[in-house]
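Observations on chain architecture
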Amino acid sequence: MKLKDFRWSTGLFLILSPLGAIATLAYYFYYDAFQWQTVALAVFMTFATGMGITVGYHRLFSHKSYEAAAPIRWLLTFFGAGALEKSVIEWSHDHRNHHRFVDTDQDPYSINKGFFHAHIGWLFVKRGTNGRAKVDINQVKDLWADPFIRFQHNYYTAFGLFVCFLFPGLVALAWGDFWGGVLIAGLVRVVFVHHGTFCINSVAHTWGKQPYSNRHSARDSALAAVLTYGEGYHNYHHEFPVDYRNGIRAWQYDPSKWMIWTLSKLGLARNLIRIPDEKILESKLEMKASQLKSGKEALEQAMEDFNTVAGEMKQTRKAYIKAQKEKAPVASELRSTLKRKRKALLAAYKNQKSRIREASRSAAVA
Ligand SMILES: [Zn+2]
Ligand SMILES: [Zn+2]
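Residues numbered from 1 in each chain as written. Chains lettered and ligands numbered in written order. Predicted model: local features only at pLDDT ≥ 70, side-chain atom pairs only at ≥ 80, totals over all residues. Heavy atoms only, no water.

1. A short note on the pattern of salt bridges
If charged atoms from side chains of opposite charge come close, those side chains can pair. For the structure shown, the criterion picks out 20 salt bridges. With a closest N to O distance of 2.8 Å, Arg 73 and Asp 146 form a salt bridge. In this pair, Arg 73 sits in helix H3 (residues 70-81) while Asp 146 sits in the loop between helix H6 (141-144) and helix H7 (147-154), placing the two residues 73 residues apart along the sequence. Classification of Asp 146 by relative accessible area gives buried; the value is 14%. (Salt bridge = Lys/Arg side-chain N within 4 Å of Asp/Glu carboxyl O. Helix = DSSP H or I, 4+ residues; strand = E, 2+ residues; numbered from the N terminus. Buried < 20%, exposed > 50% of the residue type's maximum accessible area, 1.4 Å probe, protein only.)

Okay, structure coming up:
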């Protein structure tokens, strides 16, 4: 990296802020200066700004995986700014390029340039160098149309610094702890949120399983999910980026998904996109079969069983959605047919999975 390409303000902040956070914590522990209200505010700000990124910047603005009511869009734009990860416009621009060019030179945080680059190094250099393109508004036209997002972008430095530091300071003033608000719920919290987000680009592209695809480096990791408000199921996410869920199983830790689902139940979000089960299971089977060294042809024939049930399920779902829209009485009947078909689909999936396992065992013996 040439010195003239170094982004001094961002670079120095990213280097000095963790040191400041450590010094703050040392001071507060040594002098036992914590106030419980400020600690509670820091926890609130961690989730509000962290999920401003995951629920807002990422799943709503970058991927349009659901639609949100205007006040929710405003709140996500407001608190997301406090994570100090640049404006919605810049963030979404980079993130759309990350998906489009994943693992190539045009991926702004390509893991192929190393763990450090993907985690934080990419932020140290100016746009237009090292694969990070200059902002092209055409790529984020949909977001640019939103006046509040435009405002956030045009005044980002003041906006971001206000939400990050001054806002928690002013709230904590209510119990006389302005500096606690600025330092604990501001500085310490933002360092924590930064590295949580950064782990998605580094940890979730390095460690974990690849159940859906190995065409990209993204991986599913429960550990990363805990650090990133549910974004750790990254192999799934790269395969199906428009799904509002990252952890698709009910037990997978994905608070961002739970938040979006809750908003939809409150009438504040709608048109949540879910990839159909048959498509998800199909990609899992294909991934497993692709790792076989031999016997792929026989498995392809057997895959027809699964494909038949999957096709029927797709048709039934189409008919159900149509009936539901038209409020036709047949909708409830179709709903139970769909449930039955889902069971059949899971059975066909299990069958095919055991065939693949069998084939891999016999290949190992041979
Ligand atoms: Zn990624
Ligand atoms: Zn994404």
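2. Some details on empty space enclosed by the protein
Enumeration according to the criterion identifies one cavity of 30 Å³ or more in this entry. Approximately 70 Å³ is the volume attributed to the largest cavity. If you trace the largest cavity, you find it lined by Ile 53, Thr 54, His 58, Trp 91, His 95, Tyr 109, Thr 197, Ile 200, Asn 201 and Glu 231. When residues of the lining of the largest cavity are traced back to their parent elements, those giving at least two are helix H2 (36-62), helix H4 (88-100) and helix H9 (178-201). In terms of residue class, the lining of the largest cavity is made up of four nonpolar, five polar and one charged. (1 Å grid on protein atoms, 1.4 Å probe; cavity = no way out; pocket = protein on both sides within 12 Å on 5 of 7 lines; lining within 4 Å. Points joined across faces, edges and corners; volume = space filled by probe spheres on them. Nonpolar A, V, L, I, M, F, W, Y, C, P; charged D, E, K, R; others polar.)

3. Regarding the packing of H3 against H7
Two elements in contact, H3 and H7, have axes separated by 10 Å at closest approach and are oriented at 15 degrees. Considering their axes alone, H3 and H7 lie roughly parallel with respect to each other. For the crossing formed where H3 meets H7, the hand is right-handed. Contacts between H3 and H7 involve Arg 73, Trp 74, Thr 77, Phe 78 and Ala 81 from the former and Phe 148, Ile 149 and Gln 152 from the latter. Among the residues making up the contact of H3 with H7, the classes are represented as five nonpolar, two polar and one charged. (Axes fitted to C-alpha atoms, helices over the stretch in contact; angles between N-to-C directions. Parallel < 35°, antiparallel > 145°, perpendicular 65-115°, else oblique. Left-handed = near helix turned anticlockwise from the far one by under 90°. Contact = heavy atoms within 4.5 Å.)

4. Re the layout of surface pockets
For the largest pocket, the calculated volume is near 1,900 Å³. Along its surface, the largest pocket is lined by 50 residues, and Arg 245, Arg 274, Ile 275, Asp 277 and Arg 342 are the ones closest to its centre. Listed by contribution, the elements that provide at least two residues to the lining of the largest pocket are helix H12 (255-265), strand E2 (269-270), helix H13 (277-290), helix H14 (296-325) and helix H15 (330-365). Classifying every residue of the lining of the largest pocket gives 25 nonpolar, eight polar and 17 charged. Composition of the lining of the largest pocket by domain shows at least three residues from each of domain 1 (3-270) and domain 2 (277-365). (Domains from an automatic or database assignment.)

5. Topic: the coordination of the zinc ion (ligand 1)
Donor atoms from the polypeptide that coordinate the zinc ion (ligand 1) comprise His 98 (NE2), His 205 (NE2), His 234 (NE2) and His 238 (NE2), at 2.1 to 2.2 Å from the metal. Coordination at the zinc ion (ligand 1) is irregular: its four donor atoms span angles of 94 to 161 degrees at the metal. Read N to C, the donor residues that coordinate the zinc ion (ligand 1) are spaced as H-x106-H-x28-H-x3-H. In this pair, His 234 and His 238 both sit in helix H11 (residues 234-239), four residues apart, roughly one turn of the helix. Residue class for His 234 comes out buried when judged on its relative accessible area of 1%. (Donors = N, O, S within 2.8 Å, 3.2 Å for Na, K, Ca; no water. Tetrahedral: all angles 85-135°; square planar, octahedral: opposite > 155°, others 65-115°.)

6. Overview of the packing of H2 against H4
The contact between H2 and H4 brings their axes to 10 Å, and the two run at 65 degrees. The handedness of the crossing between H2 and H4 is right-handed. On H4, the residues that touch Ile 53, Tyr 57, His 58, Phe 61 and Ser 62 of H2 are Val 88, Trp 91, Ser 92, His 95, Arg 96 and His 99. Of the residues contributing to the contact of H2 with H4, the split by class is five nonpolar, five polar and one charged.

7. A closer look at helix H8 (residues 156-172)
Between the first and last C-alpha of H8 there are 23 Å, a value that for 17 residues agrees with the 24 Å anticipated at 1.5 Å per step. Every buried residue of H8 is accounted for by Tyr 156, Phe 159, Gly 160, Val 163, Cys 164, Phe 165, Pro 168, Gly 169 and Ala 172. (Expected span 1.5 Å × (residues − 1).)

8. Side note on the packing of aromatic side chains
This structure, assessed with the given rule, holds 27 aromatic pairs. Ring geometry for Phe 6 and Trp 8: centres 4.7 Å apart, planes at 70 degrees, overall edge-to-face. Plain terms: the ring middles of Phe 44 and Phe 79 are 5.8 Å apart, the flat faces sit at 85 degrees to each other, and that makes the pair edge-to-face. Linking Phe 44 in helix H2 with Phe 79 in helix H3, this pair joins segments that are 35 residues apart in sequence. Looking at Phe 79, the relative accessible area reads 12%, which means it is buried. Within the aromatic cluster, the residues linked to one another by ring pairs are Phe 44, Phe 78, Phe 79, Phe 148, Phe 151, Tyr 155, Phe 159, Phe 162 and Phe 167. (Phe/Tyr/Trp six-rings, centres within 6.5 Å; stacked < 30°, edge-to-face > 60°.)

9. Brief notes about the domain arrangement of the protein chain
As assigned here, the protein chain comprises domain 1 (3-270) and domain 2 (277-365). Taking only C-alpha atoms into account, the centre of domain 1 sits 35 Å from that of domain 2. Listed per partner, the contact involves 10 residues of domain 1 and five residues of domain 2. Between domain 1 and domain 2, roughly 640 Å² of surface is buried when both sides are summed, and carbon and sulfur atoms account for 64% of that area. Applying the counting criterion to the domain 1 and domain 2 interface returns zero salt bridges. The interface formed by domain 1 and domain 2 holds zero residue pairs in polar contact (both at pLDDT 80 or more) in total. Here the residues of the side of domain 1 that touches domain 2 are counted per class, giving five nonpolar, three polar and two charged. (Buried area = accessible area lost by both parts, 1.4 Å probe. Polar contact = N/O pair within 3.5 Å; in protein donor to acceptor, adjacent residues only side chain to side chain.)

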